[in-house]
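Architecture and fold: a report
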Amino acid sequence: MAALVKARSEKRAVRRAGDGGRRVEYLAFVLAGETYAVQLAHVAEIRRPPPITEVPRAPATVLGVISVRGRLVTVLDLRRRFSLPEAPIDRKTRVLLADAGGGELIGLLVDEVQQVWRLSAEEIEPSSVLGGEQAAHIAGIGRPAHAQGSILILLDLRPILESP
Amino acid sequence: MVEGGGREGGDKARDEFLSEAQELVDGLGRDLLQLDEGLKRGRVDAELINDVFRAVHTLKGLSGLFGATRMAGLSHELEDVLDDLRLGRVELSPGVLDMLFQAVTLYGRILAVESGEGEEPAPEVEQLLVALGELSQRRAGGGGAGVVAQYELDPGLLGVLTEYEEHRLRANIQQGQSLYRIRVRFSLSTIDSALDDLKAKARPHGEIITYLPTGSGADIDTVELEILMASRAGLELLRSAITGPNIGIEQVRRRSPAAPSFPPPIQTSPPPAVRESLAPASVTSRETSSVRVGRDPAEPKQTPSLVPALPKAPGQAGAGRELSLRSVSQTVRVDIRKLDRLMTVVGELAIVKTAIANLAERARGRVVEARELAVELARLNRTFERHLAQMQSGILEVRMVPLGQAFDKLARVVRQISREHAKEVNLVITGAETEIDKLIVEELSDPLMHMIRNAIDHGIETRDERLRVAKPPVGTIALNAFQKGNHVVIEVEDDGRGMDPEALLAIAVQRGVVTQEEARELGPREVLALVFMPGFTTKEIATDLSGRGVGLDVVKTNISRLGGVVDITSDLGIGTKMTITLPITLAIIHVLLVEIGARLFAIPLANVDEAIALDETQVRTVEGREVLTVRGASLPICRLGRLFGVPAVERERAREFVVIAQVGNRRLGFGVDELVGQQDIVIKPLGKSLAKVRGFAGATELGDQRVALVIDVAALIEEVLAPAETRYLATAVEGGRA
């Protein structure tokens, strides 16, 4: 049964890829009840948060540093970065490891990781639909065609990694 | 996995090209400096010119291969000029050397462009090409053809000399060298090594101009060579120096003025049959000899005179002044990224080691079987530890390079500046063989260059000025490096006019760096330290030498980023000395783990003198700063928990500890809650997003997934002990920039 479902969904994926042109994979995650998504290609790894060492004098958005297989990774709290209320780390909390360039990894703390979406260009609205000036890190709004009602806030990680 | 992502093969080859070209260019610079040194003493080392020629030739080939057309064009023109130099058609002069040095600079800039930095120095290259072209036009004939005829040389031999060999023959005769003819028989099976051996023996005494097979040999398995050599040495000396089986050495005699113009029979000459066979044999030898001299970049160099420049050559340490700038670093080129990855592996091994040790500790003391297991584990751990130590030190060695790599570039800078300006400066380098982590060497070049420019610009007086105060007309800048414990000390010392504290203060007040009142309170040391303040420059008008808006504050920042400190001392009228103290390596350090609140921090033991229990009754507050009396002396202390804003935790023992740290000659006690123990750690830099956070040199993993921050002792001492007013100023300036 499961195999059948998988086969069917793959077929559907192939059909979607056929009509929608090039599709980009987005990883969706939750922050304070809202669903955000970043390009999957920018995420190297998803981890449960290890003990985080706080760094005195660091910018407020920096939670601290962790070690991932011998590499030092700075962890940013996306809630703090987006001025959302703080929440304790629980069993759903995850750290997304993103490539910050120059061989450096940056960890992004999120409430919960959901799923991967494959979005075609038609399923993405520019951030200008929100009207007014938008923060630089908002790349657009994702509306998956086959999941009516789902809204993904698509993030551009570059401004976040450049100025935490 | 992000690491080592999908790099194209072409990229790799290109990286190889860039690093090889860079190495060649660096070598070129060193050779030119040696040529310059020689030229000042009126000598032109032909072998060096050949080396330069070979390097440029290789660069031409490389750049052609990788489509670096500008570089190929430059190399092509240079090659022509160098060929002329080699053949004596153009004379080596300081002006010609200037062009060659200019070429080295341009090569550097082109390489930077190739690796994606900076702008193409197109106009400069064009200018140099024109200048080089003109040089080739002006070339003269070799001259001195007549001198060769004064010697009893076989016309058959003279006829087969290459142009280069002919030039060398003339040049050597003109320099008053004697000519010698060496006849030697080699066995065919060992001729290559035996000939190299002979060349090595001959080289310290003179120059081998050519060698030709005579065509005779005792049997078909031997070859007889005739070697023409020029030397200053006497015949007896040569005979004792160039020894071996079947070697005969004779001096080539000058013809007496009345001698007939045909070659007289020579006593040592071979049988007539040999003589006649010389010409045909020479056809091949002519070709091989030209290949040997000019075209083979891979020809092994065996110049014994270079041996003293090798790092750690025994008995050479004292000969610092004579130390050749040309460091024959016979090291394997290793990509620093590979080393970093290796370091990561070692770091993980260290973590495993700690885990095993913990396991052994836990297993001990339970049932008997477990105890046996623990013994076994502990034994394993000892073995593992030993291997790990070997691996760590091995890798550390790979990372170490002689400081000469940075010094070479400085010598070029000094030469350039002293030629461009009226100031004559002699750079004296000692301790170029001192080894330090590759990363540090790379980061040192710029700060050192700035310090030297500063010394020339602000320190060294003009020739007239120096003569007036009875100093030697040529200024001296000494660049001394030496190891001191776990540190490397680099001194930049000039014998210039020194710094006038009064003048410094006046400028500082005038610029509003300090107020009149503050100025009165500054000690002599603090006054000199003013030059490291952002924007402080003592010249009214910025010169193109050093006063380009950036000052010594940049030097200071760069050095502290490497975990080092800069100190300055100066005597008015006598000179100024700046001292950089640096850790030998950035990689593995021995630390003291301490607890502050509930957190662990690591303090590098290299900076720690001792750790003592804090006796609160001995603490006094002086001018808002806590001072502890230790053995009758005052020690300023700084409680890290307060400085870092770490929340305090309840402890069984209320007693705190003081870790006494020292950098340069400044001491400070760090107040901590608990001493945990010592450990070797692999220090890793904090990421870019934490680059602005001061007070931490990096962080390390402790084995149980926990990360401890490593305290940057030098930065904290600086921060805590800096006079209140300068601290205020520093923040004000930073705030102004933001």
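Residues numbered from 1 in each chain as written. Chains lettered and ligands numbered in written order. Predicted model: local features only at pLDDT ≥ 70, side-chain atom pairs only at ≥ 80, totals over all residues.

1. Things to note about the overall build of chain A
Rules: Helix and strand assignments come from DSSP, with helices taken as H or I runs of at least 4 residues and strands as E runs of at least 2, each series counted from the N terminus. Throughout, a residue-residue contact means that the two C-beta atoms, derived from backbone geometry, are no farther apart than 7 Å.
Regarding its fold elements, chain A presents 3 helices and 11 strands. Counted from the first residue to the last, chain A has its helices and strands arranged as α-β-β-β-β-β-α-β-β-β-β-β-β-α. In chain A, 53% of the contacts between residues at least 6 apart in sequence involve partners at least 24 apart.

2. Looking at the overall build of chain B
Definition in use: Field definition: a residue is buried when 20 or more other C-beta atoms are found within 10 Å of its C-beta, exposed when 12 or fewer are, and partly exposed for counts in between, with C-beta atoms placed from the backbone.
Helix and strand counts for chain B stand at 23 helices and 22 strands. For chain B, with 738 residues in total, the buried portion stands at 32%. Sequence separation of 24 or more characterises 70% of the internal contacts of chain B that already satisfy a separation of 6 or more.

3. Some thoughts on the sheet that holds strand β10 (residues 138–142) of chain A
Backbone hydrogen bonds are what pair the strands of a sheet, in a parallel or an antiparallel way. Residues and elements named next belong to chain A. Cut-off, in case you're wondering: One requirement defines pairing of two strands: DSSP has to find at least two bridges between them. In this description, a line fitted to the C-alpha atoms serves as the axis of each element, helices being fitted only across the stretch in contact, and the angle between N-to-C directions of two axes falls anywhere from 0 to 180 degrees.
Here we have 6 strands laid out as an open sheet, ordered β8-β1-β2-β11-β10-β9, and mixed in their pairing. Each edge of the open sheet carries a strand with a single partner, namely β8 (112–120) and β9 (124–126). Averaged over all pairs of adjacent strands, the angle between their axes in this sheet comes to 35 degrees, without regard to strand direction. Here strand β2 (residues 34–39) runs beside strand β11 (residues 152–155); their pairing, made up of 2 bridges, is parallel. Note that in β11 the partner of A37 across the bridge is L154.

4. Structural notes on the environment of D553(B)
Residue and element names in this part refer to chain B. Looking at where D553 falls in the secondary structure, it is placed in helix α20 (residues 552–561). Take D553: there are 17 C-beta atoms within 10 Å of it, and that puts it in the partly exposed class. Note: C-alpha distance between D553 and P534 (19 residues apart in sequence) is 5.1 Å. Beyond its immediate sequence surroundings of up to four residues, D553 is in contact with F532, M533 and P534.

5. A word on the pairing of strand β8 (residues 475–484) of chain B
All names here are of chain B. The pairing of strand β6 (residues 425–430) with β8 spans 6 bridges and is classified as parallel. For N426, the partnering residue across the bridge sits in β8 and is T476. Inspection of the sheet shows β8 paired to strand β9 (residues 487–494) by 8 bridges, in the antiparallel sense. Within the sheet, the bridge partner assigned to K484 lies in β9 and is H487.

6. Some remarks on the interface of chain A and chain B
For an interface, size is often stated in terms of accessible area lost upon the parts coming together. Our working definition: Put simply, Ala, Val, Leu, Ile, Met, Phe, Trp, Tyr, Cys and Pro go in the nonpolar bin, Asp, Glu, Lys and Arg in the charged bin, and everything else, Gly too, in the polar bin.
The interface of chain A with chain B comprises 22 residues on the first partner and 24 residues on the second. Mapped by element, the contributors of at least two residues to the side of chain A that touches chain B are β4 (62–68), β5 (71–77) and β7 (105–110) of chain A. Among the residues forming the side of chain A that touches chain B, the class breakdown is 14 nonpolar, 4 polar and 4 charged.

7. Here's the deal with the sheet that holds β6(B)
All names here are of chain B. A sheet is described by the order of its strands in space; here 5 strands give the open sequence β6-β8-β9-β11-β10, paired in mixed fashion. On the outer flanks of this sheet lie β6 and β10 (565–571), each paired with one strand and no other. For this sheet, the mean angle separating the axes of adjacent strands, direction not counted, is 15 degrees. Here helix α15 (residues 438–459) sits on the sheet in contact with β6, β8, β9 and β11 (575–583), set at roughly 20 degrees to β9.

8. Observations concerning helix α3 (residues 69–86) of chain B
All names here are of chain B. Applicable threshold: Expected span, for any helix, means 1.5 Å times one less than how many residues it has.
With 18 residues, α3 should reach 26 Å at 1.5 Å per residue; the first-to-last C-alpha distance of 25 Å fits that figure. Inspection of α3 places R70, M71, L74, S75, E77, L78, V81, L82, L85 and R86 among the buried residues, and these make up the whole buried set. Phi turns positive, to about 75 degrees, at G88, one or two residues after α3.

9. Examining the packing of helix α14 (residues 404–420) of chain B against α15(B)
All names here are of chain B. Heads up, the rule is: For this classification, under 35 degrees means roughly parallel, over 145 means roughly antiparallel, 65 to 115 means roughly perpendicular, and everything else is oblique. Take the far helix as the reference: if the near one is turned anticlockwise from it by less than a right angle, the crossing is left-handed, and if turned clockwise, right-handed.
The contact between α14 and α15 brings their axes to 9 Å, and the two run at 25 degrees. Between α14 and α15, the angle is such that the two are roughly parallel. Considering the relative orientation of α14 and α15, their crossing is right-handed. Seen from α14, the contacting residues are Q405, A406, K409, L410, V413, V414 and I417; seen from α15, they are V441, L444, S445, L448, M449, I452, R453 and I456. Looking at side-chain class alone, the contact of α14 with α15 contains 11 nonpolar, 2 polar and 2 charged residues.

10. Observations concerning the confidence of the model for chain A
Regions with low pLDDT carry predicted coordinates that are not meant to be interpreted in detail. All names here are of chain A. As a reminder, the rule being used: Confidence of the predictor at the level of single residues is captured by pLDDT, which takes values from 0 to 100.
When pLDDT is averaged along chain A, the result is 83; 83% of the residues meet or exceed 70. When pLDDT is averaged over each element of chain A, β2 comes out on top at 94 and helix α1 (residues 2–20) at the bottom at 49. Across residues 13–18 the pLDDT falls below 50, and counting only partners more than four positions away or on other chains, this stretch makes 3 contacts in the model.

11. Notes on the nonpolar core
A general feature of soluble globular proteins is that nonpolar side chains tend to end up buried together. Selection rule: Put simply, a nonpolar core is buried Ala, Val, Leu, Ile, Met, Phe, Trp, Tyr and Cys residues tied into one set by C-beta atoms within 7 Å.
Of all hydrophobic cores here, the largest spans 158 residues; its most connected members are A37(A), I603(B) and I711(B). Of all the elements, helix α4 (residues 94–114) of chain B adds the most residues to this core, at 9 residues. Among residues more than four places away in sequence, those in contact with I603(B) are V591(B), L592(B), V594(B), V608(B), V659(B), A661(B), F670(B), I711(B) and V713(B). Formed by 19 residues, the second largest nonpolar core is a distinct cluster that contains I182(B), A202(B), L238(B) and I249(B).

12. With respect to α4(B)
Residue and element names in this part refer to chain B. Spanning 21 residues, α4 covers 30 Å between terminal C-alpha atoms, matching the ideal 30 Å at 1.5 Å per step. All of the buried residues along α4 are V96, L100, F101, A103, V104, L106, Y107, I110, L111 and E114. A positive backbone phi angle near 90 degrees is found at G116, which sits one or two residues after α4.

13. Points about the packing of α3(B) against α4(B)
All names here are of chain B. Where α3 meets α4, the closest approach of the two axes is 10 Å, and the angle between their N-to-C directions is 165 degrees. On the basis of the axis angle, α3 is roughly antiparallel to α4. Helix-helix and strand crossings are classified by hand; for α3 and α4 the assignment is left-handed. Of α4, the residues touching α3 (which contributes R70, M71, L74 and L78) are A103, L106, Y107 and I110.

14. Observations concerning unusual backbone geometry
Its identity as a non-glycine residue notwithstanding, S83(A) has a phi of 55 degrees, on the positive side. Counting through the fold element by element, S83(A) comes out in the loop between α2 (78–81) and β6 (94–99).

15. Details of the pairing of strand β22 (residues 707–711) of chain B
All names here are of chain B. β22 sits mainly inside the fold: 5 of its 5 residues count as buried. The side-chain alternation of β22 yields two buried faces, one formed by V707, L709 and I711 and the other by A708 and V710. Taken together, the 5 bridges between strand β21 (residues 696–701) and β22 define a ladder with antiparallel strand orientation. Across the sheet, residue G698 finds its bridge partner in β22, namely V710.

16. As for the environment of A171(B)
Looking at the secondary structure, you find A171(B) in helix α8 (residues 163–174). Between the C-alpha atoms of A171(B) and A230(B), which are 59 residues apart in sequence, the distance is 9.9 Å.

17. Remarks on the confidence of the model for chain B
Residue and element names in this part refer to chain B. Mean pLDDT for chain B: 74, with 77% of residues reaching 70 or above. Mean pLDDT across the secondary structure elements of chain B bottoms out at helix α11 (residues 272–295), with 35, and peaks at strand β13 (residues 599–604), with 93. Across residues 1–9, where pLDDT falls below 50, the model places 5 contacts with residues more than four positions away in sequence or in other chains. Low pLDDT, under 50, characterises residues 539–549; the predicted model gives this stretch 17 contacts beyond four residues in sequence or across chains.

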